[in-house]
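# Report on the structure
Listed here are the chains, written in short residue letters.
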Amino acid sequence: MRVVVVGQGYVGLPLAVRAAQVGHDVVGFDVDEERIKRLAAAESYVDDIASETVREILDAGTFHPASDPRACAGFDVAVISVPTPLREGLPDLSYIEGAARTLARYLRPGSTVALESTTYPGTTGDLVAPILEEGSGLVAGVDFYLGYSPERIDPGNREWTLVSTPKVVSGINPDSLESVRAFYASIVDTVVPVSDTRVAELVKLLENTFRHVNIALVNELAVYAHGLGIDVWEAIDAAASKPFGYHKFVPGPGVGGHCLPIDPSYLSWRVQRALGQSFRFVELANDINNHMPEYVCRRLVAALNRQRKAVNGSTVLLLGLAYKRNSGDARESPARRIAALLLEMGADVRAADPHVVEDAHIDSRVTLVPLDPGQVAAADAVLLLADHDAFDLDLVVRHAGYVLDTRHRLTGPTVESL
Ligand SMILES: NC(=O)c1ccc[n+]([C@@H]2O[C@H](COP(=O)([O-])OP(=O)(O)OC[C@H]3O[C@@H](n4cnc5c(N)ncnc54)[C@H](O)[C@@H]3O)[C@@H](O)[C@H]2O)c1
């Protein structure tokens with residue numbers, strides 16, 4: 001099949017690569033010319049995709065990176081995987097609208113469009129279908145097929161990959177479901193059909209809201225357990241020995257990336273808009289998780305205070321700018337907020353992260369340094385924020401005067417866990 005993947009980011013590139021590997025003729029389309037140049041030069045910018053893999057599919061002639069929309073012509077299947085951010089707290093669907101308008105121009109009878117971007121229930125049927133119909137003069141579900149399939153990519157996870165993770169698929173009618181199902185069945189091991197695109201859209205929001213709420217629960221617990229003088233980490237590990245009815249989540253410095261800080265708000269916005277109700281679980285989880293960077297700073301201030309030091313003028317070394325371990329993704333990362341708060345208080349903020357090499361989205365006043373004994377010893381306080389495998393944690397314990405460990409990876413007389 002001729003496949004177009006619109007948006008060559010963390011979601012779209014792995015999908016395009018997999019489709020090309022199984023033998024589809026794939027156009028990786030992106031409006032970002034720089035990204036397309038890099039792909040054409042066989043250079044991957046997504047952690048889980050090796051440049052060598054891009055080279056292989058380029059050489060095989062099954063992958064065509066393109067920034068010219070005309071390359072989308074003649075597709076059998078098109079997948080939309082463009083950003084769905086929040087703008088001033090509200091869903092911004094302009095990227096989906098733009099992608100749909102581009103595809104509408106090249107839509108032919110019998111072709112299929114699948115939306116993968118995370119969004120609120122109703123987007124595929126109420127927003128994407130009319131744009132495709134208007135631009136093409138064709139009728140959705142009759143002349144062409146349309147569906148939704150949520151992405152479940154977990155960056156850095158070697159066990160559960162795009163191929164091995166079951167994929168939920170849906171269509172706006174039975175023919176659309178069948179067409180969307182057949183395409184995904186050609187690239188992943190297991191597909192899970194659901195009856196309605198709104199169900200599939202809700203699946204993604206349910207999964208992420210579940211994580212968001214449970215992380216908020218243990219974060220709040222960590223704050224209060226510390227106040228009560230109880231080791232929350234030991235309690236969490238012991239609770240996880242229960243073989244049924246419990247799912248382990250751990251506290252941290254806040255949530256980041258492009259899913260948890262954003263997706264639940266798409267759901268609460270939709271509920272508010274359609275039903276006039278506030279989705280209280282989401283609001284509460286947002287509130288707790290958004291306050292974790294402040295809490296981390298409060299703990300740091302208290303620790304420096306015990307040493308008769310002010311934050312103003314102290315050197316604080318942040319270990320890990322990414323939002324999670326072994327990732328290079330610093331988007332919406334709690335490290336950004338923590339760095340901003342510490343800079344505001346007058347700290348000399350330094351940061352080490354071997355994964356975040358460019359476009360770190362971090363305040364330019366933060367000095368990027370390597371993790372070495374000199375940097376660790378020179379810091380009045382070290383903050384472990386992302387426990388990358390590449391970090392020599394023994395070195396940190398050996399040389400640090402004080403460490404606040406938000407991931408509970410270190411032990412020693414100078415270490416304090418969140
Ligand atoms: N990153 C993840 O782990 C993850 C997981 C599940 C779902 N999602 C969702 O998938 C969607 C995409 O996320 P991502 O992380 O891949 O984003 P990304 O920012 O990494 O990539 C999106 C790409 O789309 C391109 N783009 C924007 N508008 C375009 C247009 N009109 N035509 C062509 N290209 C266009 C951008 O230039 C960018 O390269 C979002 O809805 C996100 O919430 C992401």
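Before reading further, recall that the structure is shown in the block above.
An account of the accompanying structure is given in this report.

Procedures and definitions
- Residues numbered from 1 in each chain as written.
- Predicted model: local features only at pLDDT ≥ 70, side-chain atom pairs only at ≥ 80, totals over all residues.
- Heavy atoms only, no water.
- Pairing = 2+ DSSP bridges.
- Helix = DSSP H or I, 4+ residues; strand = E, 2+ residues; numbered from the N terminus.
- Axes fitted to C-alpha atoms, helices over the stretch in contact; angles between N-to-C directions.
- Contact = heavy atoms within 4.5 Å.
- Core = buried A, V, L, I, M, F, W, Y, C linked by side-chain atoms within 4.5 Å.
- Buried < 20%, exposed > 50% of the residue type's maximum accessible area, 1.4 Å probe, protein only.
- Expected span 1.5 Å × (residues − 1).
- Phe/Tyr/Trp six-rings, centres within 6.5 Å; stacked < 30°, edge-to-face > 60°.
- Salt bridge = Lys/Arg side-chain N within 4 Å of Asp/Glu carboxyl O.

A few words on the sheet that holds strand β3 (residues 63-66). Pairing is mixed across the open sheet formed by 8 strands, whose spatial order is β3-β2-β1-β4-β7-β8-β9-β10. Looking at strand neighbours, the two that pair on one side only are β3 and β10 (191-193), the edges of this open sheet. Across the sheet, the mean angle separating the axes of adjacent strands is 25° when strand polarity is ignored. In terms of strand pairing, strand β1 (residues 2-6) meets strand β2 (residues 25-29) through 5 bridges, oriented parallel. Looking at β2, one finds that Val-5 is bridged to Gly-28. Contacting β2 and β3, helix α2 (residues 33-40) runs over the sheet at an angle of about 150° to β3. Each of β1, β2, β4 (77-80) and β7 (112-115) is contacted by helix α4 (residues 94-106), which is oriented at about 165° to β4, the strand it contacts most.

One finds Leu-300, Leu-318, Ile-338, Leu-342, Val-349 and Leu-383 to be the most contacted residues of the largest nonpolar core, which totals 42 residues. Of all the elements in the fold, those that place two or more residues in this core are α7 (197-228), α8 (232-239), α10 (280-306), β11 (315-319), α11 (334-344), β12 (348-352) and β14 (381-384). With 7 residues, the single largest contributor to this core is α10. Leave out the neighbours within four places in its chain, and Leu-383 touches Val-296, Leu-300, Val-316, Leu-317, Leu-318, Leu-319, Ile-338, Leu-342, Leu-404 and Thr-406. By size, the runner-up hydrophobic cluster in this structure holds 40 residues, among which are Val-82, Tyr-120, Phe-144 and Trp-269.

The next thing to look at is the sheet that holds β11. With respect to topology, 6 strands assemble into an open sheet ordered β13-β12-β11-β14-β15-β16, the strand pairing being parallel. Strand pairing shows two members of the sheet lacking a second neighbour, β13 (367-368) and β16 (415-417), which therefore form its edges. Across 3 bridges, β14 lies against strand β15 (residues 403-405) in parallel orientation. Paired with Leu-383 across the two strands is Leu-404, which belongs to β15. Most of the contacts of α11 go to β11, to which it runs at about 175°, and overall it touches β11, β12 and β14.

With that settled, consider the environment of Glu-34. Within the secondary structure layout, Glu-34 lies in helix α2. In sequence terms Glu-34 and Ser-67 are 33 residues apart; their C-alpha atoms lie 9.2 Å from each other.

This paragraph deals with helix α9 (residues 263-275). Quick reminder: α-helices carry 3.6 residues per turn. Residues three or four places apart thus point the same way. Taking 1.5 Å of rise per residue, the 13 residues of α9 would be expected to cover 18 Å, and the 18 Å separating its terminal C-alpha atoms lies within 8% of that figure. Turning to α9, its buried residues number three or more, namely Asp-263, Pro-264, Ser-265, Tyr-266, Leu-267, Ser-268, Trp-269 and Val-271. As for α9, its buried residues are in contact with β5 (86-87), β6 (90-91), α7 and α10. Phi for Gly-276, located one or two positions after α9, is positive at around 70°.

Under the defined criterion, the tally for this structure stands at 4 aromatic pairs. Centre to centre, the rings of Tyr-120 and Trp-269 are 4.9 Å apart; their planes meet at 40°, and the pair counts as tilted. Here Trp-269 lies in helix α9 and Tyr-120 lies in the loop between β7 and α5 (123-136), a separation of 149 residues in the sequence. The class of Tyr-120 is buried, set by a relative accessible area of 13%. Consider the rings of Phe-183 and Tyr-184, whose centres lie 5.0 Å apart with planes at 65°: the pair is edge-to-face. The pair Phe-183 / Tyr-184 is uniform in exposure class, with both members buried. In textbook terms, an aromatic cluster arises when at least three aromatic residues are bridged by ring pairs, as seen for Tyr-120, Tyr-266 and Trp-269.

Summed over the entire model, instances satisfying the criterion amount to 23 salt bridges. Arg-325 is the salt-bridge partner of Asp-389, the closest N and O atoms lying 2.6 Å from each other. Of this pair, Asp-389 sits in the loop between β14 and α13 (393-399) while Arg-325 sits in the loop between β11 and α11, placing them 64 residues apart in sequence. A cluster of three or more residues bridged by salt bridges with shared partners is formed by Arg-325, Asp-387, Asp-389 and Arg-409.

All right, on to α4 then. Taking 1.5 Å of rise per residue, the 13 residues of α4 would be expected to cover 18 Å, and the 19 Å separating its terminal C-alpha atoms lies within 8% of that figure. The complete set of buried residues in α4 reads Ile-96, Ala-99, Ala-100, Thr-102, Leu-103, Ala-104 and Tyr-106. Against the buried residues of α4 lie β1, β2, β4, β7 and α5.

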